[in-house]
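# Structure assessment
Here are the chains, one letter per residue:
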Amino acid sequence: MTNVHPFPKHPVPKKARPNPPAAAGSEFIVQGPNGASADVLLMIIHAGSMYLTTPDEQPDDDLPTAQLMRTLAGLDALTGAANILVIYARSYPEGFDQDATDQLVRQGNQVNKFVRKLYDMLPTDDFIMSMDSYGPDLMVEYATYAAIGVTVSFALSVMDYYYAPFIKTGKDPRKAMFKEFHAAYLEAREECFSRTEGHGFLIKELASANRTLQKVMKEL
């Protein structure tokens, strides 16, 4: 399975935790729930880099569900960044639309539930590789692109929520970097939903053909 367009070639930290405020320059730093310094924007970007990769960056011995597992890990990292942002917004309610905060929480819960449902739907890697059929591969491809698509949509929501109080006001002056990665997320979402739309058409036609097959088999 080919993957979606990668993030721009931008240095991304290997750890979600950024440098302490003294070394962070003009980046906007908040305090996480454990008291550690957190650069939410870089955390969002790092989360995307965990699964928005090019095919040549993926190991040759990848298991069928490996990309979905990377997406789950990226979603966990993104959820961590969103949680820090929500805690900060609750602590300083005068600077945030609390209805938008509630909506972000609901969306995060919905996306996490959906992606984990996709994972639970799939058979094991051993079963997939043992099957002499394209069916399991189609299931994995559909589940993976669907998971990436909704995770990217959530990332865009988190970035949009971050934009008004931090980027637009100039508290975080990394506007060019914000726009670059925001555009990368948009492109990834467009490709994922285009692919799942194609999968949806195929699944619908297969379901129709299967119903006809079952009817014919009963009449034979």
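Please read all numbers here as calculations on a predicted model, not as lab measurements.

Definitions and limits used
Residues numbered from 1 in each chain as written. Predicted model: local features only at pLDDT ≥ 70, side-chain atom pairs only at ≥ 80, totals over all residues. Heavy atoms only, no water. Helix = DSSP H or I, 4+ residues; strand = E, 2+ residues; numbered from the N terminus. Buried < 20%, exposed > 50% of the residue type's maximum accessible area, 1.4 Å probe, protein only. Contact = heavy atoms within 4.5 Å. Areas by Shrake-Rupley, 256 points an atom, 1.4 Å probe, with all protein chains shown as cover. Core = buried A, V, L, I, M, F, W, Y, C linked by side-chain atoms within 4.5 Å. pLDDT = per-residue confidence, 0-100. Salt bridge = Lys/Arg side-chain N within 4 Å of Asp/Glu carboxyl O. Axes fitted to C-alpha atoms, helices over the stretch in contact; angles between N-to-C directions. Parallel < 35°, antiparallel > 145°, perpendicular 65-115°, else oblique. Left-handed = near helix turned anticlockwise from the far one by under 90°. Nonpolar A, V, L, I, M, F, W, Y, C, P; charged D, E, K, R; others polar.

Attention shifts here to the overall build of the chain. On a plain count of helices and strands, the chain comes out with six helices and two strands. Burial status across the chain gives 42% buried among its 220 residues. For the chain, contacts bridging at least 24 residues in sequence account for 76% of all contacts bridging at least 6. Accessible area of the chain: about 12300 Å², with a carbon and sulfur share of 56%.

Core analysis: the biggest nonpolar cluster contains 53 residues, and Tyr162 and Tyr185 have the highest contact counts within it. At the level of elements, α1 (40-49), α2 (66-91), α3 (98-121), α5 (135-168) and α6 (175-219) are the ones that each hand at least two residues to this core. By residue number, the principal contributor to this core is α5, which donates 17 residues. The residues contacting Tyr162, other than those within four sequence positions of it, are Phe28, Val40, Leu41, Leu85, Ile167, Asp172, Arg174 and Phe178.

For the rest of this paragraph, the subject is the environment of Leu122. Position of Leu122 relative to the elements: it lies in the loop between α3 and α4 (125-130). Under the relative-accessibility criterion, Leu122 is labelled buried at 10%. Sequence separation between Leu122 and Ala143 is 21 residues, and the spatial gap between their C-alpha atoms is 8.1 Å. Not counting chain neighbours up to four residues away, the residues in contact with Leu122 comprise Thr65, Leu68, Met139, Val140 and Ala143.

On to the confidence of the model for the chain. Low-pLDDT portions of the prediction should not be read for the details of their coordinates. In the predicted model, the chain carries a mean pLDDT of 82, and 84% of its residues have values of at least 70. The secondary structure element of the chain with the lowest average pLDDT is α4, at 80, and the one with the highest is α3, at 95. Predicted confidence for residues 1-25 stays below pLDDT 50, and this span has 65 contacts to residues more than four positions away or in other chains.

Okay, the environment of Ile87 next. Structurally, the position occupied by Ile87 is in helix α2. The spacing of Ile87 and Pro33 is 54 residues in sequence and 7.8 Å in space, taken between C-alpha atoms.

Let us now look at the pattern of salt bridges. Per the counting criterion, the structure on display carries six salt bridges. Close ionic contact of Asp39 with Arg174 constitutes a salt bridge, the shortest N to O distance being 2.8 Å. Taken together, the residues span a long stretch of sequence, with Asp39 in the loop between β2 (37-38) and α1 and Arg174 in the loop between α5 and α6 at a distance of 135 residues. Given a relative accessible area of 0%, Asp39 falls into the buried group. Judged by its relative accessible area of 11%, Arg174 is buried. We note a salt bridge from Asp102 to Arg90, for which the minimum N-O separation is 2.7 Å. Of the two residues, Asp102 is situated in helix α3 and Arg90 in helix α2; the sequence distance between them amounts to twelve residues. You can call Asp102 partly exposed: its relative accessible area is 29%.

What follows deals with the packing of α3 against α5. The N-to-C vectors of α3 and α5 enclose an angle of 165°; their axes lie 10 Å apart at closest approach. Our classification of the angle between α3 and α5 gives roughly antiparallel. In this structure, α3 meets α5 at a crossing whose hand is left-handed. Where α3 approaches α5, its residues Ala100, Thr101, Leu104, Gln107, Gly108, Val111, Phe114, Val115, Leu118 and Met121 are matched on the opposing element by Met139, Ala143, Ala146, Ala147, Val150, Thr151, Ser153, Phe154, Ser157, Val158 and Tyr161. Partitioning the contact of α3 with α5 into residue classes produces 15 nonpolar, six polar and no charged.

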